[in-house]
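# Structural features, examined
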There are 2 protein chains.
Amino acid sequence: MPTISDVAARAGVSTATVSRALNGKATVDPDLAARVRTAATELGYQPNGPARALRRQEAAVVALIISDVENPFFTALARGVEDVAHEVGYSVVLCNSDENADKENRYIDIAIQERVAGVILSPSGTATSVAKLANRGTAYVAVDRPLPEQDSDAVLVDTRQAAKQATAHLIAQGYERIGCITGPAGVRTADDRLAGYRDGLKAAKRRSTTRLVRRSEYKAAGAHRAALELLSQAEPPDALLIANSAMAVGVLQALQERGIRAGREVGLVAFDDAPWAELVDPPLSVVAQPAYEIGTVAARLLLARIADNSRPPTTTTLGARLIERASSVQLDRR
Amino acid sequence: MPTISDVAARAGVSTATVSRALNGKATVDPDLAARVRTAATELGYQPNGPARALRRQEAAVVALIISDVENPFFTALARGVEDVAHEVGYSVVLCNSDENADKENRYIDIAIQERVAGVILSPSGTATSVAKLANRGTAYVAVDRPLPEQDSDAVLVDTRQAAKQATAHLIAQGYERIGCITGPAGVRTADDRLAGYRDGLKAAKRRSTTRLVRRSEYKAAGAHRAALELLSQAEPPDALLIANSAMAVGVLQALQERGIRAGREVGLVAFDDAPWAELVDPPLSVVAQPAYEIGTVAARLLLARIADNSRPPTTTTLGARLIERASSVQLDRR
DNA sequence: TTGAAAGCGCTAACAA
DNA sequence: TTGTTAGCGCTTTCAA
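None of the values given here were measured: they were computed from a predicted structure.

## Observations concerning the overall build of chain A
What chain A contains, in helices and strands, is twelve helices and twelve strands. The C-alpha atoms of chain A give a radius of gyration of 25 Å, which is well past the 20 Å a tight globule of 334 residues would have. Looking at chain A residue by residue over its 334 residues, the buried ones come to 56%. Taking contacts inside chain A between residues at least 6 apart in sequence as the whole, the part at least 24 apart equals 69%. For chain A, the exposed area adds up to about 13,900 Å²; of that, 48% sits on carbon and sulfur atoms. Each charge sign in chain A was given a centre, from 40 positive and 39 negative side chains, and these centres are 2 Å apart.

So, in structure tokens, the structure goes:
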């Protein structure tokens, strides 16, 4: 593997000049610079990243720690981050914390060890391992969920408001016993969606009851179990607000197994506009979140903080959009 | 940020001893080792990754370059790679080449620059930028698609055989004019699935005609267009073999728009068992690929090659499984 | 505009 | 078992 010295020898200059030429410094004689570039190409020279990072005390890399790579919401978000980061020459390292505080913590350690320029993460619950980043002065931005401390950059969705709106929609459609299947306690989006659901009931002077609420992992299997439980009750729900699209899969499976037609016997609204939402029968009403945009905004925020760590913290809250489809329209109204 | 010298000073030993203690070398006095660990914890010491990589001439990192982060097939594969890599203390860096040879090439350069221990990639077509890896002696493994040169490790699926089987199934169900919507020319899986489709027709003494074949990106939008084209013909297909699940979404949309019932007027089989495949009406028949397993096998192969670059190249071919659901059962047979 | 030289933090060869 | 020391490849003063 050729080094900068090999290039220098071949071009007949010092390593300092090679470094300057290859990094586009203006203070290099054009002829020399050309000679250096030629030599580099001929040798197939690739700079040694770790050596550069060691010397510069920072790598042109940002870490993105998300809680589920298999969740389309997060992959869309990831693309947003990538697109912005690449524009300015940063690489993005994707890490999957699996909604697991230990894994998250481990990835934060790795990010610190690798001396990345910054970290974007969807914090998994209450663990404050993020404090380590703050202590070290590493730039970071929270996405999807805020951090316990308020003094950090964050890009969020007004998910409570969206849940309230979705609930109001179900009420307006004439559903009587509206239930909610949300994510684990302590995960902020899960709590907010539940709170918004309760807001919606309250605004319509409905009583909310824990008998119609279930929590599970943000996955199909848990939601499947939760739905079966709810449907087995003496007074089962006639509509459900579901906290993400993976859970919606579980709920739809449960309905199918029980032979219950979605939208007729049980109205449905789920968070996240999955590509297949229009394909199920009846088409699934959803709350569409601006996942890609969350990623781009977060990346820009991170870059700004990398450039100036003293800037005041910013929280950006984006809106979500309710898309009404047939799964939430009462039969007698059709 | 504390360095190894700070830890050494605090523990009253040399940096060499700190290094040995923290890396679990057996030749350190247990008492000293304990003192070192205490000092490290008290200081919140985190080793400097680039410095270590520079000295060791290799980072405990493998790069995974996939052609589409938003494709569940690749995210499942990624989890397989992750799980195996983490077991042995390697980090995984996920890169999204977007089916774009330039981006792929760029990521390969980055992988080389960062001196990763190895690369797993789904090669986007014919570009042989992979040769750079070979030249430098960096370990790599191809997944999903083989590389032009045969002398490298690869983990593949016998996708041609699977496509043939799926086509035979459609024929057995009584479909007459079976079409195929596959990925871009030059992408090996796309070509293989088409070849398998033709194999299937041939085995049944059917003529294959290009009028029933379309290609597009491996995305919903392209498949949507392709399906509309096929359905607009004088003699439209009465069944379709679709090369992945994102494309299946596009095709199902097209059928919906045209008011054509899948499985009745047009039989369907798609590659990849998406979580929603059972939820559409009628449930979608699929060719399930062992994505997670591809990832685990590839990771183990890569680790073996990192350990011994002289071992003979291995190609592992895994099977796919046809899951027959109602979308490929002729109405008169139900 | 260029070169010489120091040094980023770590590990490993060598010496004690 | 421990310490001393060289050096991985690069960037960046500092001096010329």
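The structure having been displayed, the exposition proceeds.
## Topic: helix α1 (residues 4–11) of chain A
Residues and elements named next belong to chain A. Along α1, the residues classified as buried are Val-7, Ala-8 and Ala-11. Buried residues of α1, viewed axially, fall in a sector of 100 degrees; they line one side. Next to the buried residues of α1 lie α2 (15–22) and α3 (30–43). Gly-12 sits one or two positions beyond α1 and adopts a positive phi of about 70 degrees.

## Some details on the packing of aromatic side chains
Each aromatic ring pair is described using two quantities: the centre-to-centre distance and the angle formed by the ring planes. Residues and elements named next belong to chain A. Counting across every chain of the model gives two aromatic pairs over all chains. Note on Phe-73 and Phe-74: the rings are 5.0 Å apart at their centroids and 75 degrees apart in plane angle, and the pair reads as edge-to-face. Both residues of the pair, Phe-73 and Phe-74, count as buried. Cation over ring: Arg-193 sits above Phe-271, and NZ or CZ is 4.3 Å from the ring centre.

## A look at the relation of the copies chain A and chain B
Rotating chain A by 180 degrees about the axis while translating it 0.1 Å along that axis superimposes it on chain B, leaving an RMSD of 0.1 Å. The transformation relating the two chain copies, once decomposed into turn and shift, fits a two-fold axis. When the interface residues of chain A are mapped onto chain B, 100% of them again fall at the interface, so both copies present the same face.

## Some details on the domain arrangement of chain A
Residues and elements named next belong to chain A. Taken domain by domain, chain A holds domain 1 (4–47), domain 2 (56–157 + 291–319) and domain 3 (159–288). For domain 2 and domain 3, the distance between their C-alpha centroids amounts to 29 Å. Taken together, the contact between domain 2 and domain 3 spans ten residues of the former and ten residues of the latter. Counting each side, the surface lost to burial between domain 2 and domain 3 is near 830 Å², with a carbon and sulfur contribution of 53%.

## What about the nonpolar core?
The biggest cluster of nonpolar side chains holds 67 residues, and the ones touching the most others in it are A:Leu268, A:Trp276, B:Leu268 and B:Trp276. Contact partners of A:Trp276, with chain neighbours within four places excluded, come to A:Ser245, A:Ala248, A:Val249, A:Leu252, A:Leu284 and B:Trp276.

## Quick notes on the protein's contact with DNA strand C
Around DNA strand C lies a shell of 25 residues, among which A:Thr17, A:Leu32, B:Ile4, B:Tyr45 and B:Arg55 are the nearest. Looking at DNA strand C alone, sugar and phosphate atoms form 66% of those within 4 Å of the protein. Take A:Arg20: an N or O atom from its side chain is 2.7 Å from a base nitrogen of DNA strand C. The separation between a phosphate oxygen of DNA strand C and a polar main-chain atom of B:Asn48 is 3.1 Å. For the surface near DNA strand C, the secondary structure elements donating two or more residues are α2 and α4 (49–56) of chain A together with α2 (15–22) and α4 (49–56) of chain B. Within the surface near DNA strand C, the residues separate by chemical class into ten nonpolar, eight polar and seven charged.

## Quick word on the packing of helix α8 (residues 159–172) of chain A against helix α9 (residues 188–203) of chain A
Residues and elements named next belong to chain A. Across the interface, α8 lies against α9 with an axial gap of 7 Å and an inter-helix angle of 40 degrees. Overall, the two elements α8 and α9 adopt an arrangement that is oblique. In terms of crossing hand, the pair formed by α8 and α9 is right-handed. Contact residues: Thr-159, Arg-160, Ala-163, Lys-164, Thr-167 and Ile-171 in α8; Thr-189, Asp-192, Arg-193, Ala-195, Gly-196, Tyr-197, Asp-199, Gly-200, Leu-201 and Ala-203 in α9. Classifying every residue of the contact of α8 with α9 by side-chain character gives six nonpolar, five polar and five charged.

## Here's the deal with the environment of B:Leu255
Residues and elements named next belong to chain B. Considering the arrangement of structural elements, one finds Leu-255 in helix α11 (residues 245–258). Measuring from C-alpha to C-alpha, the distance between Leu-255 and His-224 comes to 8.9 Å, with 31 residues separating the pair along the chain. Sequence-distant contacts of Leu-255, defined by excluding residues within four places in its chain, comprise Leu-231, Ile-260, Ala-262, Val-266 and Leu-268.

## Let's talk about the pairing of strand β1 (residues 59–66) of chain B
Successive residues of a regular strand alternate their side chains across the two faces of the sheet. Residues and elements named next belong to chain B. Where burial is concerned, most of β1 is hidden: seven out of the eight residues are buried. Sheet topology note: the β1/strand β3 (residues 116–121) ladder contains five bridges and is parallel. Bridge pairing in β3 places Ile-65 opposite Leu-121. The sheet contact formed by β1 and strand β2 (residues 91–96) spans six bridges and is parallel. Across the sheet, Leu-64 pairs through a bridge with Leu-94, a residue of β2. Running through helix α5 (residues 72–87), the crossover from β1 to the neighbouring parallel element β2 is right-handed.

Rules used throughout
- Residues numbered from 1 in each chain as written.
- Chains lettered and ligands numbered in written order.
- Predicted model: local features only at pLDDT ≥ 70, side-chain atom pairs only at ≥ 80, totals over all residues.
- Heavy atoms only, no water.
- Helix = DSSP H or I, 4+ residues; strand = E, 2+ residues; numbered from the N terminus.
- Rg over C-alpha atoms; globule rule 2.2 N^0.38 Å.
- Buried < 20%, exposed > 50% of the residue type's maximum accessible area, 1.4 Å probe, protein only.
- Contact = heavy atoms within 4.5 Å.
- Areas by Shrake-Rupley, 256 points an atom, 1.4 Å probe, with all protein chains shown as cover.
- Lys, Arg positive; Asp, Glu negative; His and termini not counted.
- Charge placed at Lys NZ, Arg CZ, Asp CG, Glu CD.
- Arc of directions from axis to C-beta.
- Phe/Tyr/Trp six-rings, centres within 6.5 Å; stacked < 30°, edge-to-face > 60°.
- Lys NZ or Arg CZ within 6 Å of the ring centre and 35° of its normal.
- Least-squares fit on C-alpha atoms with pLDDT ≥ 70 in both.
- Domains from an automatic or database assignment.
- Buried area = accessible area lost by both parts, 1.4 Å probe.
- Core = buried A, V, L, I, M, F, W, Y, C linked by side-chain atoms within 4.5 Å.
- Near = heavy atom within 4 Å.
- Polar contact = N/O pair within 3.5 Å; in protein donor to acceptor, adjacent residues only side chain to side chain.
- Nonpolar A, V, L, I, M, F, W, Y, C, P; charged D, E, K, R; others polar.
- Axes fitted to C-alpha atoms, helices over the stretch in contact; angles between N-to-C directions.
- Parallel < 35°, antiparallel > 145°, perpendicular 65-115°, else oblique.
- Left-handed = near helix turned anticlockwise from the far one by under 90°.
- Pairing = 2+ DSSP bridges.
- Right-handed = clockwise from strand over helix to strand, strands pointing away.

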